[in-house]
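Observations on the three-dimensional arrangement
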Amino acid sequence: MDLDTVHIEALPAGRIRDAAPELGALLQDAVHGGASVGFLAPLSGGDAAAWWRSVAREAEEGVRSVWAARDGDGALLGVVTLVRATHPNQRHRGDISKLLVHTAARGRGLGRRLLSAAEAGAVDLGLTLLVLDTETGSAAEGLYRSAGWTRAGVIPGYAAGPDGVPMPTTYYYKALG
């Protein structure tokens, strides 16, 4: 994969809905590859696509933004979402969620590009603080640290991996500005 041919674009709600099966396949790839992203294995294509259709509703409501990375042939390689806090005292912050890169495209800097796109989108929305959580000890931790994120702490047994076994989760934050 040549990163020069990869295009990252924001997806409006209608495009998310239309691409739900394709986005669902990417989510399945992550879960079946062992990523702790909120789902248990095996994850059906129907359930994965249904989750993306719920994301489309959140996008319509202005709560979630989605960026997708495609190669020069239009194949979906990765995605990231940004969820804005909605309580009056939290509207300055958002959560990075579901940073997914297809197993065939990992290790080439695409995760960093997607993360940068979401951070830039957050700045455009006027957000000043981002948070995220990830499986403790995962490869993603190196990405977040190298991208300027600060480790806030670890919660033991916070979330189950795709196999259903609880594991520790590390929280990170990044001030924007």
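None of these values were measured; they are calculated from a predicted model. (Residues numbered from 1 in each chain as written. Predicted model: local features only at pLDDT ≥ 70, side-chain atom pairs only at ≥ 80, totals over all residues. Heavy atoms only, no water.)

1. With respect to the packing of aromatic side chains
Applicable threshold: We call Phe, Tyr and Trp rings a pair once their centres come within 6.5 Å, taking the six-membered ring for Trp, and we label the pair stacked below 30 degrees between planes, edge-to-face above 60, and tilted otherwise. Segments assigned H or I by DSSP are reported as helices when at least four residues long, segments assigned E as strands when at least two residues long, and all are numbered from the N terminus. The rule is simple: take the accessible area with a 1.4 Å probe, protein chains only, and divide by the maximum for that residue type; under 20% is buried, over 50% is exposed, in between is partly exposed.
All told, the structure shown has five aromatic pairs when counted by the stated rule. Note on Tyr158 and Tyr171: the rings are 5.7 Å apart at their centroids and 80° apart in plane angle, and the pair reads as edge-to-face. A residue pair is termed long-range when its members are at least 10 positions apart, and Tyr158 in strand S6 (residues 150-160) and Tyr171 in strand S7 (residues 166-175) qualify at 13 residues. What makes Tyr158 partly exposed here is its relative accessible area of 46%. Residue class for Tyr171 comes out partly exposed when judged on its relative accessible area of 23%. The rings of Phe39, Trp51 and Trp52 are connected pair by pair, giving a single aromatic cluster.

2. Remarks on the sheet that holds strand S4 (residues 93-101)
Here is the rule we go by: One requirement defines pairing of two strands: DSSP has to find at least two bridges between them. As a rule, the C-alpha atoms of each element are fitted with a line to give its axis, helices using only the stretch in contact, and angles between N-to-C directions run from 0 to 180 degrees. Any pair of residues with heavy atoms lying within 4.5 Å of one another is described as a contacting pair.
Taken in spatial order, the seven strands line up as S1-S2-S3-S4-S5-S7-S6 in an open sheet, and their pairing is mixed. Both outer strands of the open sheet, strand S1 (7-11) and S6, are each paired with one neighbouring strand and no more. If you compare each strand with its neighbour and ignore which way they point, the axes differ by 25° on average. Two strands pair when backbone bridges link them, and S4 and strand S5 (residues 129-135) are joined in this way by three bridges, in the parallel orientation. Pairing of Asp95 across the sheet is with Val131, part of S5. Here helix H4 (residues 110-124) sits on the sheet in contact with S1, strand S2 (64-70), strand S3 (76-84), S4, S5 and S7, set at roughly 155° to S4.

3. Considerations on the environment of Glu58
Secondary-structure assignment places Glu58 in helix H3 (residues 45-60). Counting along the chain gives 45 residues from Glu58 to Ala13, while the straight-line C-alpha distance between them is 8.0 Å. The contacts of Glu58, once residues within four sequence positions are left out, are Val63 and Arg64.

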